[in-house]
Amino acid sequence: MRGLIVVAGFLIIALIPHTVAFDPLDPNGNITIKWDVMSWTPDGYVATVTMNNFQMYRHIMTPGWTLGWTWAKKEVIWSMVGAQTTEQGDCSKFKGNIPHCCKKNPTVVDLLPGTPYNQQFTNCCKGGVLASWGQDPQSSVSAFQVSVGQAGTTNKTVKLPKNFTLLGPGPGYTCGPAKIVPPTKFFTPDLRRKTQALTRKHPSCCVSMSSFYNETITSCPSCACGCENRNKCIKSDSKLLSVVGVNTPRKDNAPLIQCTHHMCPIRVHWHVKLNYKDYWRVKLTVTNFNYRINYTQWTLVVQHPNLNNVTQVFSFDYKPLVPYQSVNDTGMFYGMKFYNDLLMEAGPSGTVQSEVLLQKDKETFSFKQGWAFPRKVYFNGDECMLPPPDTYPYLPNFAHHSPTAFTTSDYGSSPFSMKLVYAHHKSERMAIAQPYQLTHQSWQ
C-alpha cells in the first residue's frame, strides 16, 4: 500500500555563468536543488536534498559536484546518508554524541560507487557524476539525506541556509537565493578532493577540418587552449608515460596534456567524407589529449543548418536541440551506453568517432565558402575554438578524374553500393556518389 507524504521545502536554482548566464541553445537549462524537510527531531529535522540537472547537454563529470552553504544560526549536522562533508570542524563542545559536522559553512560531496548499502540513499553514490537531462534523464538526479540539529523544530523557527555554492569541473555555477516553494509529494515504497576554479582563461577544446574535395587539412589554431603549460606537456613517445602512476588524477585536477601545437585536451575533427546525389556524409572524431582524465558520459553539441535533416547517425546517439521551434540547426551527439560513452585517456584508445548521413536541401546545400563545416561546436558544454573561416578547406574549380572505389563499408551496414557519376553544378565539376540497390549479381 502506498502512502502520500507531504513535506515542507525550499528551492535553490544554480545557473551556469558560461560567459553570460543565458545560453541560447539551452534557455531553460539549470540545476535545481530541492531541500525537503521530511520529519522533525528533538532539536531539528531530517531533510532530503535532491539535485536535478535540467541542462540538455551539460553534465557534471568526475570528480563530481561539491555543494556548500552557510547556516543561518548555529546548526550542526548530526548524520548524513548518501553523502558526506569534507571536514568535521570543531565539535569539542559536544560530549558523548559527536555530530558529523560542526562547521558554519559545510562542504558536501557524494559518496563513491560501491558504498555499503546501509550508507546509501536513493540516487546517491555516483562519485558526484550527474548526467545531463537531454542525455540520460534517469541519471541526471542526485540525492542525500541530512539530519540537522540545533535548528528549530517548527516551520516558524527553522531558518533557511544561505550562500549556497555548487562547484564542479569546468566553468562552475552561480546559485540563486533559496526560496520557499510548495511541498514535494513523495510516494513511500512497499578529504577526497579539491575543486578547480570557476572560470577559464582559455577554451578547453578546438576543432579541425578536412574534406574529400581538398587535400588540405585545416588544423586547430595554434595555442587554441593557451600555451602557458607548454613546458609541462608530454610527448606521445615519451618514456615518462611508462612510469607507474603518471596517469593518476591529481587532487588539484592538474592535467597532463600531450604536446601539440594547439595544447588542447580535446580536439574535435569534422571531415566531409562523401557527396551523394541526395545526401552527404560527415565523419566526426573526438580525440582526448589528456593523459589523466577519462571523460564519462561526454556530450558533443554541433550547430549546422543541415542538422534539420539528419538521416542516420551510425555509432553515436543523437538528439536534436530545439530551444526555439522555428530553428532546428543544433544537435547533441553522445556515446552509446556501455559502448562508447566513455572517452578514454590520451593514447591508442583515446578516440571516439562516428559518421553522420544528412539529406540535402537543394535550396541551401553547397560546398562553397565553408558551408559544409559547423558554425559552433561544444564539448561537455564548453565552446570549442574553430579555425578562422578563411582557412577552411575550399572547393576547387575542378574535381580530380581519378577512379574512386566505393565499398559497402563506406555506408556502414546499409545494403547499397556506389557508382561514380559526374555532374555540372553551375561552374563547378564535382564527383557525386550515387547510391543504387545491390542485387545478388552486382554483389558478386
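For clarity, every value in this text was computed on a predicted model and none was experimentally measured. (Residues numbered from 1 in each chain as written. Predicted model: local features only at pLDDT ≥ 70, side-chain atom pairs only at ≥ 80, totals over all residues. Heavy atoms only, no water.)

Engineer: In this structure, what is going on with the overall build of the protein chain? I would like to understand it.
Structural biologist: When you go through the protein chain residue by residue, the secondary structure sums to one helix and 28 strands. Split into buried and exposed, the 444 residues of the protein chain put 48% on the buried side. Working note: accessible area of the protein chain is about 22900 Å², and carbon and sulfur atoms make up 55% of it. (Helix = DSSP H or I, 4+ residues; strand = E, 2+ residues; numbered from the N terminus. Buried < 20%, exposed > 50% of the residue type's maximum accessible area, 1.4 Å probe, protein only. Areas by Shrake-Rupley, 256 points an atom, 1.4 Å probe, with all protein chains shown as cover.)

Engineer: What should I look at first to understand the sheet that holds strand β15 (residues 214-218) in this one?
Structural biologist: Strand pairing in a sheet takes place through backbone hydrogen bonds and is either antiparallel or parallel in direction. Taken in spatial order, the six strands make up an open sheet running β15-β14-β16-β17-β24-β20, and their pairing is mixed. Strands with a single pairing partner mark the edges of an open sheet, and in this sheet they are β15 and β20 (310-313). Sheet twist, expressed as the average angle between the axes of neighbouring strands with direction ignored, equals 20°. Looking at chain direction, strand β16 (residues 266-275) and strand β17 (residues 279-288) are connected through nine bridges and run antiparallel. Residue R267 lies in a different strand from β17, and its bridge partner there is T287. (Pairing = 2+ DSSP bridges. Axes fitted to C-alpha atoms, helices over the stretch in contact; angles between N-to-C directions.)

Engineer: Hey, could you run me through a positive patch on the surface in this one?
Structural biologist: A contiguous patch of positive charge on the surface is contributed by K74, K93, K104 and K162. Turning to its location among the elements, K162 is positioned in strand β10 (residues 162-167). Overall, the relative accessible area of 43% leaves K162 in the partly exposed class. (Patch = residues over 30% accessible without salt bridge, like charges linked within 9 Å, V, L, I, M, F, W, Y side chains within 5 Å. Salt bridge = Lys/Arg side-chain N within 4 Å of Asp/Glu carboxyl O. Lys, Arg positive; Asp, Glu negative; His and termini not counted. Charge placed at Lys NZ, Arg CZ, Asp CG, Glu CD.)

Engineer: Just checking my understanding: could you explain the state of the cysteines for this structure?
Structural biologist: Two cysteines, two sulfur atoms, one covalent bond between them: this is a disulfide. The final tally for this structure, using the stated rule, is seven disulfides. Disulfide partner of C91: C102, at an S-S distance of 2.0 Å. Given an S-S torsion of about 115°, the disulfide between C91 and C102 has right-handed geometry. In this pair, C91 sits in the loop between β7 (83-85) and β8 (107-110) while C102 sits in the loop between β7 and β8, placing the two residues eleven residues apart along the sequence. For the residue pair C91 and C102, the accessibility class agrees, reading buried in each case. With its sulfur 2.0 Å from that of its partner, C233 forms a disulfide with C259. Between C233 and C259 the sulfur-sulfur dihedral comes to about 95°; the bridge is accordingly right-handed. Remark: C259 occurs in the loop between β15 and β16 and C233 occurs in the loop between β15 and β16; sequence separation between them is 26 residues. (Disulfide = S-S within 2.5 Å.)

Engineer: Just to check I follow, could you spell out the side chain of D341 for this structure?
Structural biologist: With respect to the helices and strands, D341 occurs in the loop between β22 (330-334) and β23 (342-343). The side chain of D341 sits in the buried core without any salt bridge; K337 is the nearest counter-charge, 6.5 Å away. Apart from residues lying up to four places away in sequence, D341 is in contact with Y295, T296, Q297, W298, G335 and M336. (Contact = heavy atoms within 4.5 Å.)

Engineer: What is the right way to look at the sheet that holds β8 in this model?
Structural biologist: Taken together, four strands build an open sheet; the order of strands is β7-β8-β5-β10 and the sheet is antiparallel. Across the chains shown, the open sheet's two edge strands, defined by having one partner strand only, are β7 and β10. Pairwise comparison of adjacent strand axes, ignoring direction, gives a mean angle of 20° for this sheet. In terms of strand pairing, β7 meets β8 through three bridges, oriented antiparallel. Residue A83 lies in a different strand from β8, and its bridge partner there is D110.

Engineer: Would you mind showing me how to read the pattern of salt bridges here?
Structural biologist: Pairs can form between side chains of opposite charge whenever their charged atoms are close. Considering all chains together, one arrives at five salt bridges under this definition. Note that K337 is salt-bridged to D136, the shortest N-O span being 3.1 Å. Residue K337 is classed as partly exposed on the basis of its relative accessible area of 48%. Across the salt bridge formed by K273 and E355, the nearest N and O atoms sit 2.7 Å from each other. Of this pair, K273 sits in strand β16 while E355 sits in strand β24 (residues 351-359), placing them 82 residues apart in sequence. We note that K273, like E355, is buried. Salt bridges here are not isolated pairs; linked through shared partners, they connect K273, R281 and E355.

Engineer: Which parts of the structure should I look at to understand the nonpolar core?
Structural biologist: Within soluble globular proteins, side chains that are nonpolar tend to cluster in buried spots. Residues W280, L300, F333 and F379 are the most contacted members of the largest nonpolar core, which totals 36 residues. Those elements giving two or more residues to this core turn out to be β14 (205-211), β16, β17, β19 (299-303), β24 and β25 (376-379). Of all hydrophobic cores here, the second largest spans 28 residues; its members include I60, C101, L130 and L166. (Core = buried A, V, L, I, M, F, W, Y, C linked by side-chain atoms within 4.5 Å.)

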